[in-house]
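Secondary and tertiary structure notes
Below are the chains, spelled out letter by letter.
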Amino acid sequence: MRRMVMALVGLTLLAGGAAAETRLPRAVNDADYVETGAEEVALGQLLFYDPLLSGNRNIACATCHHPRFATSDGLSLGIGEGGIGLGPERHVTAEDTPEQRIPRNATALFNLGAHEFTTLFHDGRIEADPSRPGGLRTPMAEDMEQGFSGVLSAQTMFPVLSPDEMAGHYSESDVSKAVRSGRITGDGGAWDIISRRVAAVPDYAARFEAVYPHVAQGRPIHFTDISNAIAAFVAFEWRSDDSPFDAALRGETTLAGAAAEGAALFYGQAGCVECHSGPFLTDHDFHAMGAPQLGPGKAERFEHHARDDGRMRVTGRAEDRFAFRTPSLRNVLQTGPWGHAGGHDDLADFVADHAARAEGLGGYARHVVLPELPETKPDWTVMDDPNEVQALVAAAGPGTSLTAGEIEALMAFLETLSDPVALSGRLGVPHTVPSGLPVDR
């Protein structure tokens, strides 16, 4: 009966000693997530941590999405090819200096196996689209291969093709040369090269045959098989629905004290719920919020600006300029730095500036996590240009000014979104991978 009342009416929270009616979303349940099989998940775990998928065999998916850093990398903007080490300790050497930082902050991977996550990346450049032959809309358009299990699987294709992330710089490897030549699909394409590498490892070959009947029947391992296994692992490993917030949604407890005050603000006067709605605290939409822009920006090599136009790069619509996808807030205390370019290394500061929008950008203090990277584009080109900053301010519009007490209460509420099970991972980091290459631990 209690749960029925909660679903229909909302949860009564104690905020500052006074009762406050606060509307919360429904509780998450098994039906919200894709089903996964144990063997496929175990295969995906090995592939996720194996540097074999990178052009130079030196970077794994886990390098930028590691459980030690809440499935991100602890950096404002990551360093892929040319970097050494893990997390904030990652650095470069004079022998292999990267061409530039990775242009956007590494997103967290929590709950990406939930059915409602049908749009991925900061700009939403991968979306489910039933009208397309493969059910997906991606920048590869009609060249996109079929066989991906969904958007979570398809997103795997981007990092392995990026020179700055995993492919390697243009002349460094067979993968990077294929990418440079525009050969992605088909025989001799970048995906084919990676697939052949994996298939040449006996342990992987046996595991793929055990998981996928079409491989056991003689079809070669395709990149879609690799990406589908990785997607199954991510969906299983970082399902996050065991936080104090989830316990409150299920009626097992109530939020109290500062957390209750923060929830009342979040779902009330502060207006956070306007974008961070639903059980995963995201509307999956795109908004221009005045987040600071740093790093190389999202520009082609022949372009000379350092802007990131966000969603507009996908839609071409001027009204989408500087709009970015609303991130889920699950485990948000642990997933910093925050913002599409990692412009804040303190969550309380981010909350204040984010709520204030244009005014927050005007008073932005540059506290970031950026390992030194010599001889690349300057990191503050946009923020040092009054015209560029004004464009960001104009797109963001006015926001809300929060007091120190309100920010403290919101932080207490956000802490209830931390899930120790998801943060530690269910399978963890493997001791070894079939390729025999080093594992980032």
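In this text the structure is predicted, and so the values were computed from the model without any measurement. (Residues numbered from 1 in each chain as written. Predicted model: local features only at pLDDT ≥ 70, side-chain atom pairs only at ≥ 80, totals over all residues. Heavy atoms only, no water.)

Further remarks concern the layout of surface pockets. Taken as a whole, the second largest pocket encloses approximately 300 Å³ of empty space. Lining the second largest pocket are 20 residues, with V34, S149, G150, V151 and L152 positioned closest to its centre. Within the residue set of the lining of the second largest pocket, elements represented by two or more residues are α4 (151-154) and α11 (223-237). Residue contributions to the lining of the second largest pocket peak at four residues, all from α11. Along the lines of polarity and charge, the residues of the lining of the second largest pocket split into ten nonpolar, eight polar and two charged. (1 Å grid on protein atoms, 1.4 Å probe; cavity = no way out; pocket = protein on both sides within 12 Å on 5 of 7 lines; lining within 4 Å. Points joined across faces, edges and corners; volume = space filled by probe spheres on them. Helix = DSSP H or I, 4+ residues; strand = E, 2+ residues; numbered from the N terminus. Nonpolar A, V, L, I, M, F, W, Y, C, P; charged D, E, K, R; others polar.)

Once that is clear, we can look at helix α17 (residues 386-396). All buried positions along α17 are accounted for by E388, V389, L392 and A396. Projection of α17 onto a plane perpendicular to its axis shows the buried side chains occupying an angular sector of 100°, all on one side. Counted as exposed and oriented over 90 degrees from the buried face of α17: P386, N387 and A394. Residues of α17 that are buried in the fold lie against α16 (358-362). Residue D385 occupies the N-cap position of α17, its side-chain oxygen lying 2.9 Å from the main-chain nitrogen of N387. The positive-phi residue at the C-terminal boundary of α17 is G397, with phi of around 75°. (Buried < 20%, exposed > 50% of the residue type's maximum accessible area, 1.4 Å probe, protein only. Arc of directions from axis to C-beta. Contact = heavy atoms within 4.5 Å. Polar contact = N/O pair within 3.5 Å; in protein donor to acceptor, adjacent residues only side chain to side chain.)

This prediction gives the chain a mean pLDDT of 92; 94% of its residues lie at or above 70. With pLDDT under 50 throughout, residues 1-21 is counted as low confidence; its partners more than four residues away or in other chains account for 44 contacts. (pLDDT = per-residue confidence, 0-100.)

All right, on to empty space enclosed by the protein then. Enumeration over the complete set of coordinates arrives at four cavities of 30 Å³ or more. Reported here for the largest cavity is a volume of approximately 60 Å³. Lining the largest cavity are M289, G290, A291, P292, H344, F350, D353, H354, R357, G360 and L361. Breaking the lining of the largest cavity down by element, the ones donating at least two residues are α15 (347-356) and α16. Class assignment for the residues of the lining of the largest cavity results in five nonpolar, four polar and two charged.

Of all hydrophobic cores here, the largest spans 66 residues; its most connected members are L47, F48, Y49, W191, Y204, F208 and I226. Here this core takes nine residues from α11, the largest share from any one element. Not counting residues up to four positions away in its chain, the partners in contact with Y204 are L43, L46, L47, D50, L52, V198, V433, P434 and S435. Within the second largest apolar cluster, 27 residues are counted, among which are L24, F350, A409 and L410. (Core = buried A, V, L, I, M, F, W, Y, C linked by side-chain atoms within 4.5 Å.)

Tracing the backbone shows S243 in the loop between α11 and α12 (244-249). Within the structure, the side chain of S243 is placed 3.3 Å from the backbone oxygen of T416, a separation counted as a polar contact.

We now examine helix α8 (residues 190-199). Taken across its ten residues, α8 has eight buried, putting it largely inside the fold. Looking at α8, one finds that the buried residues are A190, W191, D192, I193, I194, S195, R197 and V198. Lining the buried residues of α8 we find α2 (38-48), α5 (157-161), α7 (174-180), α9 (202-211) and α11.

Applying the stated criterion across every chain yields a total of 23 salt bridges. Measuring nitrogen to oxygen at the nearest pair gives 2.9 Å for the salt bridge that ties D379 to R101. Pair noted here: D379 is in the loop between α16 and α17 and R101 is in the loop between β4 (91-92) and β5 (119-120), with a separation of 278 residues, a long-range link. In this structure, the salt-bridge partner of R104 is D308, at a minimum N-O distance of 2.7 Å. You can see R104 sitting in the loop between β4 and β5 and its partner D308 sitting in the loop between β8 (286-287) and α14 (312-315), a full 204 residues away along the chain. Here the two residues R104 and D308 agree in accessibility, since each one is buried. One network of salt bridges, with partners in common, ties together R104, D123, R125 and D308. (Salt bridge = Lys/Arg side-chain N within 4 Å of Asp/Glu carboxyl O.)

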